[in-house]
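# Structural description and commentary
Here's the letter readout for the chains.
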Amino acid sequence: MATMTAAPSPTPADRPRPGLRERKKIKTRRAIRAAAYGLIREQGYEATTVEQIAERAEVSPSTVSRYFPAKEDIVLTDEYDAVLLEQLRARPLDEPPMESLRSVIHTAVGTGLREEPEVTRLRTALMAEVPAVRARMMENASATGRLLCRALAERTGLAPDALEVRVFATSLMGGLMEASLHWAENGFHGDLTTLVDRAFDVLEHGLPARAR
């Protein structure tokens, strides 16, 4: 999911295994990402070029560009939106949408922190520190929000382009992004899942009472 730095396992047990061609594509994408992450850790984001990433991943620069049109996409793009929406659709239909979303996102963030903690922190730090990455993240969040609108429409009976659905989805995506930024800007202190829960609390209940 675009604004999140983590995701659940992308291959449920009951899903058919990808064919050879698709497995090769997945392997190539992962190699490109791993190369980019390694170079960025070593020399920083700005100093890392597509050519360097291609050389380390043992592919051509044109292959990198074919899989990831912009350098920002290498550290931001994932294939988990469809999985998250699939899990949302699997939640009980009579469950309040906010409760369903909280459960799915909470699981996603927790899984990413457990399985790829360094990558999670790196992606979040880049989003906070690099304007180009943050701008691309906002574009990705918009696309994810549109997918979320369709899933919410299925659960509520409202139209996907209904104002209420669009406001809800946009507010959620913005809240998740701000939780991630807050985490990075404060030196990754505290637990990201707790910050995500706090974001959900604000969306569900509004601002907390004024501190006395």
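Described in the following lines is the structure provided in the data block. Just so it is clear, the structure is predicted and the values come from calculations on it, not from any experiment.

### Quick word on the overall build of the protein chain
Counting secondary structure elements, the protein chain contains ten helices and zero strands. Reading the helices (α) and strands (β) of the protein chain from amino to carboxyl end gives α-α-α-α-α-α-α-α-α-α. Expressed as a percentage of its 212 residues, the buried residues of the protein chain come to 44%. Within the protein chain, contacts between residues at least 6 apart in sequence are counted, and of these 72% link residues at least 24 apart. Carbon and sulfur atoms form 53% of the exposed surface of the protein chain, whose accessible area is close to 11800 Å².

### Regarding the packing of helix H1 (residues 20–43) against helix H2 (residues 50–57)
When two helices pack together, their arrangement is given by the angle between the helix axes and by the axis-to-axis distance. At a minimum axis separation of 8 Å, H1 and H2 run at an interaxial angle of 120 degrees. Looking at the two axes, H1 sits oblique to H2. Of the two elements, H1 crosses H2, and the hand of that crossing is right-handed. Along its contact with H1, which presents Ala 31, Ile 32, Ala 35, Ala 36, Gly 38, Leu 39, Glu 42 and Gln 43, the element H2 presents Gln 52, Ile 53, Arg 56 and Ala 57. Partitioned by chemical class, the residues of the contact of H1 with H2 number seven nonpolar, three polar and two charged.

### Some remarks on helix H10 (residues 192–205)
Its 14 residues give H10 an end-to-end C-alpha distance of 20 Å, which sits within 8% of 20 Å, the value for a rise of 1.5 Å per residue. Buried residues of H10: Leu 192, Thr 193, Leu 195, Val 196, Ala 199 and Phe 200, and no others. Buried residues of H10 fall within an arc of 160 degrees about the axis and therefore sit on the same side. Seen from the open side of H10, the exposed residues pointing more than 90 degrees away from its buried face are Arg 198 and His 205. The elements touched by buried residues of H10 are helix H6 (97–115) and helix H9 (163–185). Positive backbone phi, at 85 degrees, marks Gly 206, one or two positions downstream of H10.

### Re H9
Every α-helical turn comprises 3.6 residues, leaving residues that sit three or four positions apart pointing alike. With 23 residues, H9 should cover 33 Å at 1.5 Å per step; its first-to-last C-alpha distance of 32 Å lies within 8% of that length. Listed in full, the buried residues belonging to H9 are Val 165, Ala 169, Leu 172, Met 173, Gly 175, Leu 176, Met 177, Ala 179, Ser 180, Leu 181, Trp 183 and Ala 184. At its buried positions, H9 is contacted by H6, helix H7 (117–129), helix H8 (131–156) and H10. Looking at the residues trailing H9, positive phi occurs at Gly 187, about 70 degrees.

### Things to note about the nonpolar core
Within the largest apolar cluster, 41 residues are counted, with the highest numbers of intra-cluster contacts made by Leu 101, Leu 126, Val 133, Leu 148, Leu 192, Val 196 and Phe 200. Of all the elements in the fold, those that place two or more residues in this core are H1, helix H4 (71–76), helix H5 (81–90), H6, H7, H8, H9 and H10. The biggest single contributor to this core is H9, with ten residues. Judged by nonpolar contacts, the second largest core, of eleven residues, contains Ile 32, Ala 35, Ile 53 and Val 64.

Conventions used here
- Residues numbered from 1 in each chain as written.
- Predicted model: local features only at pLDDT ≥ 70, side-chain atom pairs only at ≥ 80, totals over all residues.
- Heavy atoms only, no water.
- Helix = DSSP H or I, 4+ residues; strand = E, 2+ residues; numbered from the N terminus.
- Buried < 20%, exposed > 50% of the residue type's maximum accessible area, 1.4 Å probe, protein only.
- Contact = heavy atoms within 4.5 Å.
- Areas by Shrake-Rupley, 256 points an atom, 1.4 Å probe, with all protein chains shown as cover.
- Axes fitted to C-alpha atoms, helices over the stretch in contact; angles between N-to-C directions.
- Parallel < 35°, antiparallel > 145°, perpendicular 65-115°, else oblique.
- Left-handed = near helix turned anticlockwise from the far one by under 90°.
- Nonpolar A, V, L, I, M, F, W, Y, C, P; charged D, E, K, R; others polar.
- Expected span 1.5 Å × (residues − 1).
- Arc of directions from axis to C-beta.
- Core = buried A, V, L, I, M, F, W, Y, C linked by side-chain atoms within 4.5 Å.

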